[in-house]
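The lines below spell out each chain.
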Amino acid sequence: MTTNSAPTTALTHIAQLVTNDPSLGEGPLGLIQDAAVVIDGDRIAWVGPSGKAPATDNAVDAGGRAVIPGFVDSHSHLVFAGDRTEEFNARMSGRPYSAGGIRTTVAATRAAGDDVLRANVARYLAEGLRQGTTTQETKSGYGLTVEDEARALRIAAEQTDEVTFLGAHIVPPDHADDPAGYVDLVTGPMLDACAPHARWVDVFCEKGAFDGDQARAILTAGAAKGLVPRVHANQLGHGPGVQLAVELGAASADHCTHLTDADVDALAGSETVATLLPGAEFSTRATWPDARRLLDAGATVALSTDCNPGSSFTSSMPFCIALAVRDMGMTPDEAVWSATAGGAHALRRTDVGRITPGARADLALLDAPSHVHLAYRPGVPLVSAVWHKGVLV
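Nothing here was measured: the structure is a model prediction, and the numbers come from that model.

Asker: Residue-level account of the nonpolar core, with values.
Answerer: One finds Phe165, Phe210, Leu267, Leu294 and Leu303 to be the most contacted residues of the largest nonpolar core, which totals 82 residues. With six residues, the single largest contributor to this core is helix H5 (residues 179–194). In this view, leucine 294 contacts Leu259, Val264, Leu267, Ala274, Leu276, Ala299 and Val301; residues no more than four positions away in its chain are not counted. Counting 17 residues, the second-largest nonpolar core is a separate cluster that includes Leu11, Leu17, Val37 and Leu363.

Rendered as structure tokens:
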């Protein structure tokens, strides 16, 4: 069984396989017991019972362990320099801290050379990959000048296909007295320079960042340049972010911590994915998002790390799964689905987040008999092998 001379590989004796394809197995996760998967090049060629696996060039015995799709991390901020250890330490120690938050990272990022930023992106992508993340979105947002935002996106696009223009992260200090002028910059010269390097446009729609009218102007300008909207919405309080995301057909509304019934209904009645980022609540001791409320209403939910140096400095999707189960009302099955297929929905991808013939061969082998162990054994490095685009990494 060989196509174009690419060697084929069978993973056999998988105790429990999560396919995320209900037509292949049991329940929403499409679970198959004692399963096998055949990889042909960078694609999944066959899925089914281990005893019926076709002959292949190579074989890997999973030894009674579980296999899941590679995680799809649909929200992160990896293009930055410096860190904010002192800020985190003060926050966790109950001390006031006023070193500037995002502005601190902006200053460090602007001052860093390309090689530093490039190495940081590579480091955090590799960190995520070791923990099973095979698809990674990342954003700009720590440059906030035309040159620095374009530079961030160019560097990100070298290493991942899912790149988001977030010039509207905050109003930078050099425009503090002229936020309208900064919106004009973002929707004009900055967007012109950045659009060729990005797939998505994002706005931090929040009190203290950008209001609903400003966010609408930025997102519609991005859409006119071919970028698909996503929105930082309703993280710090109630606001217009979720409603705006749904109205504009955004792929996702991210954070969704403070929601009205109307917000929940809007998400449930739309294609906009509610992306929840429990690492942010963990790292800031903020209110947890209510995943149960969204799921019960019928909304599509994704989980993501929000990896960034200030409010969620984790690249671990397994950690976020454990938090979602423990503190956000999700079942282990729901959390694993949201961290794989849910993230794929948030990126409007059908080739990742599932293990089904034709999908990209992104898989994680767990040192456990079931995916439930990702929540059952929090903090334990259970991902023992990862295949990315069919290659064991």
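Here the narrative resumes.
Asker: Describe the pairing of strand S2 (residues 32–40), with residues and values.
Answerer: The two faces of a sheet get side chains in turn, since along a regular strand they alternate between them. When you tally the buried positions in S2, you get seven out of nine residues, the bulk of the element. When strand S1 (residues 8–17) meets S2, the two strands line up antiparallel, connected through seven bridges. Bridge pairing links leucine 17 to isoleucine 32 in S2. The hairpin formed by S2 and strand S3 (residues 43–49) contains two residues between the paired strands, and glycine 41 there has a positive phi angle of roughly 65 degrees.

Asker: Describe in detail the sheet that holds strand S9 (residues 228–233), supporting the description with residues and values.
Answerer: Here we have eight strands laid out as an open sheet, ordered S5-S6-S7-S8-S9-S10-S11-S12, and parallel in their pairing. Edge positions in the open sheet fall to strand S5 (71–73) and strand S12 (301–303), since each of these has one partner strand only. Here the average twist between neighbouring strands, direction ignored, is 25 degrees. Across three bridges, S9 lies against strand S10 (residues 252–255) in parallel orientation. Bridging from a neighbouring strand, alanine 233 pairs with histidine 255 of S10. Relative to the sheet, helix H4 (residues 146–157) contacts strand S6 (133–139) and strand S7 (162–168), its axis offset from that of S7 by approximately 165 degrees.

Rules behind the numbers
Residues numbered from 1 in each chain as written. Predicted model: local features only at pLDDT ≥ 70, side-chain atom pairs only at ≥ 80, totals over all residues. Heavy atoms only, no water. Core = buried A, V, L, I, M, F, W, Y, C linked by side-chain atoms within 4.5 Å. Buried < 20%, exposed > 50% of the residue type's maximum accessible area, 1.4 Å probe, protein only. Helix = DSSP H or I, 4+ residues; strand = E, 2+ residues; numbered from the N terminus. Contact = heavy atoms within 4.5 Å. Pairing = 2+ DSSP bridges. Axes fitted to C-alpha atoms, helices over the stretch in contact; angles between N-to-C directions.

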